[in-house]
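Summary of the model geometry
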Amino acid sequence: MSSELLTVAMPKGRIFEEAVELLREAGYDLPPEFDDSRKLIIEVPQSGMQFILAKPMDVPTYVEHGVADVGVAGKDVMIEEERDVYEVLDLKISSCYMAVAALPTYSPGRDVAPKVASKYPKLTSDYFREQGEQVEIIKLNGSIELAPIVGLADRIVDIVSTGQTLRENGLVEIETMMPITSRFIVNPVSYRTKAAQIDDMVDRLSVVVNKENA
Ligand SMILES: Nc1ncnc2c1ncn2[C@@H]1O[C@H](COP(=O)(O)OP(=O)(O)OP(=O)(O)O)[C@@H](O)[C@H]1O
Ligand SMILES: O=P(O)(O)OC[C@H]1O[C@H](OP(=O)(O)OP(=O)(O)O)[C@H](O)[C@@H]1O
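Everything numeric in this text was worked out from a predicted model, so none of it was measured.

Rules behind the numbers
Residues numbered from 1 in each chain as written. Chains lettered and ligands numbered in written order. Predicted model: local features only at pLDDT ≥ 70, side-chain atom pairs only at ≥ 80, totals over all residues. Buried ≥ 20, exposed ≤ 12 C-beta atoms within 10 Å, placed from the backbone. Helix = DSSP H or I, 4+ residues; strand = E, 2+ residues; numbered from the N terminus. Arc of directions from axis to C-beta. Contact = placed C-beta atoms within 7 Å. Near = placed C-beta within 6 Å. Nonpolar A, V, L, I, M, F, W, Y, C, P; charged D, E, K, R; others polar. Pairing = 2+ DSSP bridges. Axes fitted to C-alpha atoms, helices over the stretch in contact; angles between N-to-C directions. Domains from an automatic or database assignment.

A closer look at helix 4 (residues 121-130)
- Taken residue by residue, helix 4 has Leu123, Thr124 and Tyr127 as its buried positions. Viewed along the axis of helix 4, the buried residues span an arc of 95°, placing them on a single side of the element.
- Where helix 4 is buried, its residues meet helix 3 (75-81), strand 7 (115-118), strand 8 (136-139), strand 9 (155-160) and strand 10 (172-180).
- Of the residues one or two after helix 4, Gly132 is the one with positive phi, at around 75°.

Quick look at the structure:
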C-alpha cells in the first residue's frame with residue numbers, strides 16, 4: 001500500500017452505501033466506481049486517499065495490521081474481533097441491535113446443555129458467561145434464524161433491525177443485548193504518523209454525524 005495515501009478499509013455489503021453517503025456529505029468526492037463496480041481497491045488521489053473494500057468482519061484485521069490506516073466497522077464486529085485498533089467515532093449508521101431469540105415454545109432451564117447458535121461465538125460466549133449460564137455455542141455463518149426451527153439450537157444470538165426475519169421465521173426475541181452502530185476505527189501507529197489527515201477526516205465526519213443526529 002502506498003504510504004502517502006490514507007488507506008481506508010470499507011465494509012462491503014449493507015454498511016457500504018450508508019458509509020459512502022456519509023463520506024460524500026463530509027465533502028469527499030467519491031467517484032462513480034463507489035456506486036457500481038467490483039473493484040476492491042479504489043484510489044481517490046485528489047483527496048489523498050485510497051479505499052480497500054473488505055468483508056465487514058475483516059475490516060478491523062486490515063486496520064490492526066496497518067495495511068489500512070482507518071476503517072469502518074460495526075460494533076458487533078469490534079466486539080467479536082477484539083482487534084488492537086482505536087475506535088474513535090460512532091458514525092451512527094447501520095443501526096440495529098443484538099438479541100437472544102428463540103421459538104415461542106422455548107422455556108429457560110429445561111436443558112442441561114443448552115445450545116446457542118450465532119455468527120458471533122466470542123460475543124455470545126462472553127454474554128452468557130456474564131449471565132452465569134453455561135451454554136454450548138454453535139458457530140454458523142449466516143441464516144442463524146434457521147437453527148431453532150430445525151432443532152440445531154434452542155436459542156440464537158443475532159442482529160435484529162426491523163424484526164422481519166424473526167417474525168417471518170416464527171421466532172421471538174427473549175433478551176435485548178446491546179445496540180449496534182458502525183464505528184470509525186484507526187490504526188494506533190497511523191494515528192501518530194498521519195495525525196493531520198486522520199484528525200481532519202474525524203472532524204469532517206463528526207460534523208455530519210452531529211448534524212444528522214441533532
Ligand atoms: N439487519 C441489519 N440492519 C442493519 N445493520 C445490519 C444488519 N445486519 C447487519 N448489520 C450491520 O452490517 C454488518 C454486516 O453487513 P452485511 O450483512 O452486509 O455483511 P455480512 O452478513 O457480515 O457479510 P456476508 O453476508 O457477505 O457474509 C454488521 O457488522 C452490522 O454491523
Ligand atoms: O431484523 P431484520 O431487519 O430482519 O434484520 C435482521 C437480519 O439481518 C441480518 O441478516 P443478513 O441479511 O445479513 O443475513 P445473514 O445473517 O444470513 O448473513 C441478521 O443476521 C438478521 O438475520
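Brief notes about the site of ligand 2
- Every residue close to ligand 2 is listed here: Gly142, Ser143, Ile144, Glu145, Asp158, Ile159, Val160, Ser161, Thr162, Gly163, Gln164 and Thr165.
- Put simply, the parts of the chain that give the shell around ligand 2 at least two residues each are strand 9 and helix 6 (164-168).
- Residue composition of the shell around ligand 2, by class: three nonpolar, seven polar and two charged.

Topic: the sheet that holds strand 1 (residues 6-11)
- Pairing is mixed across the open sheet formed by six strands, whose spatial order is 2-3-1-4-11-5. Bordering the open sheet on either side are strand 2 (41-44) and strand 5 (86-90), each of which pairs with just one other strand. Between one strand axis and the next, the sheet turns by 25° as a mean value, whatever way the strands run.
- Here two bridges tie strand 1 to strand 4 (residues 70-74), and the two strands are oriented parallel to one another. The partner of Val8 across the bridge, within strand 4, is Val70.
- The strands touched by helix 1 (residues 14-25) within the sheet are strand 1, strand 4 and strand 11 (182-186), with strand 1 carrying the most contacts at an inclination of about 135°.
- Along the sheet, helix 8 (residues 195-212) makes contact with strand 1, strand 4, strand 5 and strand 11, crossing strand 5 at roughly 30°.

What to know about the site of ligand 1
- Ligand 1 sits among 15 residues. The nearest are Gly13, Arg14, Gly74, Cys96 and Ser161.
- Listed by contribution, the elements that provide at least two residues to the shell around ligand 1 are helix 1 and helix 3.
- A per-class count over the shell around ligand 1 returns seven nonpolar, six polar and two charged.
- In this structure, the shell around ligand 1 is formed jointly by two domains, domain 1 (6-94 + 181-212) and domain 2 (96-175), each of which donates at least three residues.

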